[in-house]
Amino acid sequence: MTKEINLDVNIIKKNKIPVLVKSSEWKKLFDKSMTKTMRKLADKLEDLVNEEKEIIKQLKKAKKEKKKLMNKVLKLSDEANSNNSSSALIELENTKNRILEVNDELDELRFRLEMLPKEIHDTNYELLKETIVISYEDITQGKKKINYLDKEIEAIRKSLGEMWEEKFSKEKRINELYLYLHGTLGHEETDKMDRRFL
């Protein structure tokens, strides 16, 4: 980033600014003109957003698995008690161990899911700051270019006006000369001269 800007940290929440990489308006304006810093932040933000989606999927999957395992525990407990089945007891123990593993997975996923919104917000905030800097650089350069083009257009307009005047003046002179020659030499003689000189 070329300049450090002072931007209210709560601006994203206050102005309901979306995650920039999800905004079609932002993409349209900056997708093809990103700086290296913007690209790096945008990629990081994309990764964080995708990670959040993936964790939500994994959480659903893990909750579903835990529910199945809990139902399995009830069935195996009933089988072990009713039929005094040692194989049911072994499977029950394995199922309980798997539930503990799934609980650990759920804890890790929930913890990561709690951390992600802040990381997404912070990265989005940094990308917004970079976007503002780049926007104002583009605006400044654009205004300079517009001023230059205005001067060029004015010069061309003036030059074009002078050319039109010269063209009309030449056309008038040619018409006057033709009228004079036709009037003086006559039609037939002027045609001969035209073939000779033009």
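Residue indices follow the written sequence of each chain, beginning from 1 at its first position. Local features are withheld for residues below a pLDDT of 70 in this predicted model, meaning they are given only at 70 or higher, and side-chain atom pairs are given and counted only at 80 or more; totals for whole chains, interfaces and linings count all residues. Each side-chain value is worked out from all heavy atoms of the structure, with water and hydrogens disregarded.

Participant: Lay out the overall build of the chain with the relevant residues and their values.
Facilitator: On a plain count of helices and strands, the chain comes out with 5 helices and 0 strands. The way it works is that DSSP assigns letters per residue, a run of H or I at least four long becomes a helix, a run of E at least two long becomes a strand, and they are numbered from the N terminus. Listed by position from the N terminus, the elements making up the chain come as α-α-α-α-α. When each of the 198 residues of the chain is scored for burial, the buried share is 23%. Contacts in the chain between residues far apart in sequence, at least 24 positions, make up 74% of those at least 6 positions apart. If you sum the accessible surface of the chain, you get close to 15500 Å²; carbon and sulfur atoms cover 55% of it. Side chains of the chain carry 42 positive and 39 negative charges; the gap between the two charge centres is 2 Å. Throughout this description, buried means an accessible area under 20% of the type-specific maximum (1.4 Å probe, protein chains only), exposed means over 50%, and partly exposed covers the range between. Contacts are assigned to residue pairs that have any heavy atoms within 4.5 Å of one another. Computed by Shrake-Rupley with a 1.4 Å probe, the accessible areas treat only the displayed protein chains as cover when residues are assessed. Residues counted as positive are Lys and Arg, residues counted as negative are Asp and Glu, and His and the chain ends are not counted. Lysine's charge is taken at NZ, arginine's at CZ, aspartate's at CG and glutamate's at CD.

Participant: Run through the packing of aromatic side chains, naming residues and quoting values.
Facilitator: Paired rings are identified among Phe, Tyr and Trp, the last through its six-membered ring, by centres lying within 6.5 Å, and are further divided according to the angle between planes into stacked (under 30 degrees), edge-to-face (over 60) and tilted (the rest). Tallied over the full model, the rule gives 2 aromatic pairs. Between Trp-26 and Phe-30, the aromatic rings sit 5.8 Å apart at their centres with planes inclined by 35 degrees, giving tilted as the arrangement. One end of the pair is Trp-26 and the other is Phe-30, both in helix H2 (residues 24–30) and 4 residues apart, which spans about a single turn.

Participant: Before we move on, can you summarise the packing of helix H4 (residues 86–185) against helix H5 (residues 187–197) with the specific residues and values?
Facilitator: Comment: axis = line fitted to C-alpha atoms, over the contacting stretch for helices; angle = value between 0 and 180 degrees taken between N-to-C directions. Their axes nearest at 7 Å, the elements H4 and H5 cross at an angle of 125 degrees. It follows that H4 is oblique to H5 by the angle criterion. Viewed along their axes, H4 and H5 form a crossing whose handedness is right-handed. Residues Tyr-178, Leu-181, His-182 and Leu-185 of H4 form the contact with H5, whose own contacting residues are His-187, Glu-189, Thr-190, Met-193 and Asp-194. The residue classification treats Ala, Val, Leu, Ile, Met, Phe, Trp, Tyr, Cys and Pro as nonpolar and Asp, Glu, Lys and Arg as charged. All others, Gly included, are polar. When the residues that make up the contact of H4 with H5 are grouped by side-chain class, the tally is 4 nonpolar, 3 polar and 2 charged. Put simply, angles under 35 degrees are roughly parallel, angles over 145 are roughly antiparallel, angles from 65 to 115 are roughly perpendicular, and the rest are oblique. Two helices cross in a left-handed way if the nearer one is turned anticlockwise from the farther one by less than a right angle. They cross in a right-handed way if the turn is clockwise.

Participant: Residues and numbers for the environment of Lys-61, please.
Facilitator: You can see Lys-61 is positioned in helix H3 (residues 36–83). The sequence separation of Lys-61 and Leu-179 amounts to 118 residues, and the corresponding C-alpha distance is 97 Å.

Participant: Let's hear about a nonpolar patch on the surface: which residues, and what values?
Facilitator: Excluding any residue in a salt bridge, patches collect residues exceeding 30% relative accessible area, merging like charges within 9 Å and nonpolar Val, Leu, Ile, Met, Phe, Trp and Tyr side chains within 5 Å. By convention in these notes, a salt bridge is any Lys or Arg side-chain nitrogen within 4 Å of a carboxyl oxygen on Asp or Glu. Residues Tyr-180, Leu-181, Leu-185, Met-193, Phe-197 and Leu-198 make up a contiguous nonpolar surface patch of about 650 Å² in total accessible area. Considering each element in turn, the nonpolar patch owes the most residues, 3 residues, to H4. Following the sequence through the fold, Leu-185 ends up in helix H4.

Participant: Lay out H3 with the relevant residues and their values.
Facilitator: Because an α-helix completes one turn every 3.6 residues, residues spaced three or four positions apart along the sequence face the same direction. If you check H3, its first and last C-alpha atoms are 68 Å apart, about what 48 residues at 1.5 Å a residue would give, namely 70 Å. Downstream of H3 by one or two residues, Asn-84 has phi in the positive range, about 50 degrees. One less than the number of residues in a helix, times 1.5 Å, gives the span that helix is expected to have.

Any link to function would need more than the numbers given here.
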